[in-house]
Amino acid sequence: MTHYDAILLSSFGGPEGQDDVIPFLRNVTAGRGIPDERLEEVAHHYRHFGGVSPINEQNRQLKAALEAELAARGIDLPVYWGNRNWAPYFGDVVREAEANGHTELLGLVTSAYTSYSGVGQYREDFLKATDGTGVSIDRIREYFDHPGFVQPFVEGVREAIASLGGEGGAPDRIHVMYVTHSIPTAAALASGPSFGEGGAYVAQHLAVASVISEAAAPESPWSLSYQSRSGDPRTPWLEPDINDAIADLAASTGSATRAVDAIVIVPFGFVSDHMEVMWDLDNEVLETAAEHGLKARRVPTPGVHPAYVAGLVDLVLERVNDVPDADRPHLTELGPWADHARIRSGEEVADATSSAPSSSGAAAR
Ligand SMILES: CC1=C(CCC(=O)O)c2cc3nc(cc4[nH]c(cc5[nH]c(cc1n2)c(C)c5CCC(=O)O)c(CCC(=O)O)c4C)C(CCC(=O)O)=C3C
Ligand SMILES: [Fe+2]
């Protein structure tokens, strides 16, 4: 048994009104050279929704759902919630926890895959937040292939295929488009170079997509594409962009051998309906599909799906009980992904960009 005093639900944070938008974006991009035009463009996405990102409300709901699930299982672990880019900030939450006598925290990060944004940057955040305190933070492993994360997408794809089928779409003419956040190709490689050019990040997404399709849409063709690229246009990022991928599919449907009538969009890079889902997918991508005469369905994100919430609690218990790898659930052969080294105040940021899979034996324990 490993002793933990509390769970730290760890997330990105988002603005909750028009006045928050620019300060939030400055927090997100501090020192990262995002061009001002891009910030203006992103601010517009938030402004369209009253300056409110859905992410904080979703985390409040997830916190409540986790508390209910923990209570139902008789597990006495309080849940704190903290963010990287907006209040409640990690630094304040860690101090609050310490004041309450909670110094051994288990981090539950709202990001399922290995990337700098989802792993290394949280590691840096935790290190900063614990600096000068007596608090340690451990985090659960990347859960991209945990059944609790995958199940909601399986259900969503199944329902989307059934609903399009009800309108006369044959499954082999419905293309399942898995979509995740684009990142610079160099960052993808750095997420786990032993997995080839796209690193662990792309390998994890391809493996999960294949599992979801096999379970939910075995007759439908599928592909992986990317959304929400930013940064300097001269820097290469993961491609194709989903809008371009839709145009390519539509071009093939225009030929004598019509291949596709409809698409199912699976936003499996995100654990809940973030701004990237509401704007980039529900707004832009659905419009692109309509322009090209393709029917489209967007599958829900896990949000507070009971399987996801229960899966997160299982992942907590896995750490509390020091469950060996052989007994850790995973749906792809990449998993179970390895745990990360615990963060203690004053330590170096090791393992900053990514982690290696447990099978390589290289990840810090
Ligand atoms: C891989 C990945 C995830 C998934 C894993 C994870 O969850 O971490 C993620 C999540 C999120 N990203 C978010 C928001 C933003 N990301 C930005 C910028 C960037 N993201 C990147 C990558 C990722 N991002 C990258 C390579 C950049 C550019 C450079 C940089 O800054 O590193 C920018 C700046 C403007 C722009 O360029 O778009 C914003 C506002 C929100 C909140 C949304 C809401 O409010 O609902 C969430 C959950
Ligand atoms: Fe982002």
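Residues numbered from 1 in each chain as written. Chains lettered and ligands numbered in written order. Predicted model: local features only at pLDDT ≥ 70, side-chain atom pairs only at ≥ 80, totals over all residues. Heavy atoms only, no water.

Quick notes on the domain arrangement of the protein chain
Line of reasoning, step 1. According to the domain assignment, the protein chain consists of domain 1 (6-143 + 304-360) and domain 2 (147-298).
Line of reasoning, step 2. Taken together, the contacts link 33 residues of domain 1 with 35 residues of domain 2.
Line of reasoning, step 3. Between domain 1 and domain 2 lies a buried interface of about 2900 Å² when both sides are counted; carbon and sulfur atoms form 73% of it.
Line of reasoning, step 4. Broken down residue by residue, the surface that domain 1 buries against domain 2 is led by Tyr 113, Leu 331 and Leu 334, which jointly contribute 23%.
Line of reasoning, step 5. Taken together, the links from domain 1 to domain 2 amount to 0 salt bridges. (Domains from an automatic or database assignment. Contact = heavy atoms within 4.5 Å. Buried area = accessible area lost by both parts, 1.4 Å probe. Salt bridge = Lys/Arg side-chain N within 4 Å of Asp/Glu carboxyl O.)

Remarks on the UniProt feature "binding site: Fe(2+)" (unreviewed entry) in the protein chain
Line of reasoning, step 1. Look at the UniProt record and you will see "binding site: Fe(2+)" (unreviewed entry) annotated at His 181 and Glu 276. Taking the farthest pair of C-alpha atoms as the criterion, the annotated set spanning 96 residues converges on one region, since that pair is 8.4 Å apart.
Line of reasoning, step 2. With respect to the secondary-structure elements, His 181 resides in strand 5 (residues 174-181).
Line of reasoning, step 3. The exposure class of His 181 is partly exposed, given its relative accessible area of 22%.
Line of reasoning, step 4. Excluding residues within four positions of it along the chain, His 181 makes contact with Tyr 201, Tyr 226, Gln 227, Ser 228, Phe 270 and Glu 276. (UniProt positions renumbered as here; feature names shortened; annotations may be inferred. Helix = DSSP H or I, 4+ residues; strand = E, 2+ residues; numbered from the N terminus. Buried < 20%, exposed > 50% of the residue type's maximum accessible area, 1.4 Å probe, protein only.)

Some details on helix 4 (residues 90-99)
Line of reasoning, step 1. Those residues of helix 4 that sit buried are Phe 90, Val 93, Val 94 and Ala 97. Down the axis of helix 4, the smallest arc covering the buried residues is 100°, so these residues share one side. Those residues of helix 4 that are exposed and aimed more than 90 degrees away from the buried face are Asp 92 and Ala 99.
Line of reasoning, step 2. Residues of helix 4 that are buried in the fold lie against strand 1 (6-11), strand 2 (79-83), strand 3 (104-109), helix 5 (116-130) and strand 4 (136-139).
Line of reasoning, step 3. Positive phi appears at Gly 101, one or two residues downstream of helix 4, with a value of about 85°. (Arc of directions from axis to C-beta.)

Notes on the confidence of the model for the protein chain
Line of reasoning, step 1. For the protein chain, the average pLDDT comes to 92, and 93% of its residues sit at 70 or higher.
Line of reasoning, step 2. Reported for the predicted complex are a pTM of 0.93 and an ipTM of 0.95. (pLDDT = per-residue confidence, 0-100.)

Examining the environment of Val 271
Line of reasoning, step 1. Examined against the element boundaries, Val 271 turns out to sit in the loop between strand 7 (262-266) and helix 10 (275-291).
Line of reasoning, step 2. Taking the relative accessible area as the measure of exposure, Val 271 reaches 4% and is therefore buried.
Line of reasoning, step 3. Along the backbone, Val 271 and Pro 302 are 31 residues apart, and their C-alpha atoms lie at a distance of 5.4 Å.
Line of reasoning, step 4. In this view, Val 271 contacts Thr 110, Ser 111, Tyr 143, Phe 149, Thr 301, Pro 302, Gly 303 and Tyr 308; residues no more than four positions away in its chain are not counted.

Side note on the pattern of salt bridges
Line of reasoning, step 1. Under the definition given, this model contains 20 salt bridges.
Line of reasoning, step 2. Arg 73 serves as the salt-bridge partner of Glu 69, at 2.9 Å between the closest nitrogen and oxygen.
Line of reasoning, step 3. The exposure class of Glu 69 is partly exposed, given its relative accessible area of 22%.
Line of reasoning, step 4. You can call Arg 73 partly exposed: its relative accessible area is 33%.
Line of reasoning, step 5. As a salt-bridge pair, Asp 138 and Arg 342 come within 3.2 Å of each other at their nearest N and O atoms. Here Asp 138, found in strand 4, pairs with Arg 342, found in the loop between helix 11 (306-320) and strand 9 (343-344); they are 204 residues apart in sequence, far enough to count as distant.
Line of reasoning, step 6. The exposure class assigned to Arg 342 is buried, which follows from its relative accessible area of 15%.
Line of reasoning, step 7. Members of the salt-bridge network, linked through shared partners, are Glu 104, Asp 138, Arg 141, Glu 318, Arg 319, Arg 328, Asp 339 and Arg 342.

Some remarks on helix 3 (residues 55-72)
Line of reasoning, step 1. Between its terminal C-alpha atoms helix 3 stretches 25 Å, which fits the 26 Å expected from 18 residues at 1.5 Å a residue.
Line of reasoning, step 2. Of the positions making up helix 3, those classed as buried are Ile 55, Asn 56, Gln 58, Asn 59, Leu 62, Leu 66 and Leu 70. Considered in projection along helix 3, the buried side chains sweep an arc of 145° and stay on one side of the axis. Relative to its buried face, helix 3 has exposed residues pointing more than 90 degrees away, namely Ala 71 and Ala 72.
Line of reasoning, step 3. Residues of helix 3 that are buried in the fold lie against strand 1, strand 2, strand 3 and helix 11.
Line of reasoning, step 4. Gly 74, located one to two residues past helix 3, shows a positive phi value of around 70°. (Expected span 1.5 Å × (residues − 1).)

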